[in-house]
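Descriptive analysis of the structure
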Amino acid sequence: MAPRGRPRAFDRDNALNNALALFWERGYDNTSMADLSAAMALSPPSIYAAFGSKETLFDEVITHYTKHHGASIWENLERFKLASEATRHVLIASAHAFTRDDTPHGCLVVLAAPQAESNHTTVNQTLRGHRRQVTEILKNLYEAGLDRGDIPRGTNIDKMANYYATVQHGMSIQARDGATRDELIAVAEAAMATWPVLISTTSSVEA
């Protein structure tokens, strides 16, 4: 009897890309293990063996997404001399990333969340954590702006970070609903037009 061969090796990055595309298009709840098996060209037992549960596969997909699709937006923000320039880059780069022709429109982290009343608490917590990172990154930018002096002392940078994070997340939803790149860039430019107002009216007044 001929010896049994080794199990066929698979390309992990390719499998993750295929799972990512499915989660991105359908969301977490609407993607079944059967769907993933077909997209990844792996049997369900092979998926479980390689990635664990559907939830742990999704966690790895999110990490993969952040690394390969978030870099154009978030990497090397320290190269900008002004916090306003870095913020404008984030919004304009988001407009481009959210409307690419070779991926579903919008942001996976914003759009793939399970329903609030579902049993996928861990998945929701993971996605909330990633979305909160947007606010934290922006807050860090604005803290650096305070140190440099391009944001006035006393400016409420928490409110600014929440505002621009909300704009960026909203652009993702608009992209999924069919907004064009030019329309999203117009949103970005409108949001940046509020910068002088934000740094002049969100300052705290000490008694």
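Residues numbered from 1 in each chain as written. Predicted model: local features only at pLDDT ≥ 70, side-chain atom pairs only at ≥ 80, totals over all residues. Heavy atoms only, no water.

**Describing the packing of aromatic side chains**
Inclusion rule: Pairing of aromatic side chains here covers Phe, Tyr and the six-membered ring of Trp, requires ring centres within 6.5 Å, and sorts the geometry by plane angle: under 30 degrees stacked, over 60 edge-to-face, intermediate tilted. Any residue under 20% of the maximum accessible area for its type is buried, any over 50% is exposed, and the rest in between are partly exposed; the area is computed with a 1.4 Å probe on protein chains only.
Tallied over the entire structure, the rule returns seven aromatic pairs. Judged by centre distance (5.8 Å) and plane angle (5 degrees), the ring pair of Phe 23 and Tyr 28 falls under stacked. Each member of the pair, Phe 23 together with Tyr 28, is buried. Where Tyr 164 meets Trp 195, the ring centres are 5.9 Å apart and the plane angle is 35 degrees; that geometry is what we call tilted.

**Some words on the UniProt feature "DNA-binding region" (unreviewed entry) in the protein**
Rules: UniProt positions are given in the numbering used here, feature names are shortened, and annotations may be inferred rather than shown by experiment. Elements are defined by DSSP. Helices are runs of H or I of four residues or more, strands are runs of E of two residues or more, and each kind is numbered from the N terminus.
The feature "DNA-binding region" (unreviewed entry), as given by UniProt, occupies residues 32–51 in the numbering adopted here. Regarding residues 32–51, the helix share stands at 80% and the strand share at 0%, and the terminal C-alpha atoms are separated by 15 Å.

**Things to note about the pattern of salt bridges**
Counted only if it meets this: The working definition used for a salt bridge is a side-chain nitrogen of Lys or Arg within 4 Å of a carboxyl oxygen of Asp or Glu.
A full pass over the atoms with the stated rule returns seven salt bridges. Two residues, Glu 189 and Arg 88, come together in a salt bridge whose shortest N-O distance is 2.4 Å. On the criterion of sequence distance, the pair formed by Glu 189 in helix H10 (residues 181–193) and Arg 88 in helix H6 (residues 83–97) is long-range, its members being 101 residues apart. Its relative accessible area of 38% is what places Arg 88 among the partly exposed residues. Arg 100 is the salt-bridge partner of Asp 102, the closest N and O atoms lying 2.6 Å from each other.

**Section: the nonpolar core**
Side chains that are nonpolar tend, in soluble globular proteins, to be buried together. Just so we agree on the cut-off: Buried Ala, Val, Leu, Ile, Met, Phe, Trp, Tyr and Cys residues form a nonpolar core when they are joined through side-chain atoms within 4.5 Å. The source of the domain bounds is an automatic or database domain assignment. Throughout, a contact is declared for two residues whenever any of their heavy atoms are within 4.5 Å.
Leu 57 and Tyr 142 are the most contacted members of the largest nonpolar core, which totals 60 residues. In this structure, this core is formed jointly by two domains, domain 1 (12–53) and domain 2 (70–199), each of which donates at least three residues. In this structure, Leu 57 is in contact with Leu 16, Ala 19, Phe 23, Leu 36, Met 40, Ile 47 and Phe 51, ignoring residues within four places of it in sequence.

**Overview of the environment of Ser 94**
The line we're drawing: Polar contacts here mean pairs of N or O atoms no more than 3.5 Å apart (in protein, one a potential hydrogen donor and the other a potential acceptor; neighbouring residues in sequence count only if both atoms are side-chain atoms).
Locating Ser 94 in the fold gives a position in helix H6. According to the relative accessible area criterion, Ser 94 is buried, its value standing at 0%. Along the chain, Ser 94 and Ile 73 lie 21 residues apart, while their C-alpha atoms are 6.2 Å from each other. Once residues lying within four places of it in the same chain are set aside, the contact partners of Ser 94 are Ile 73, His 89, Gln 168 and Met 171. Here Val 90 takes part through its backbone oxygen, which lies 2.6 Å from a polar atom of the side chain of Ser 94.

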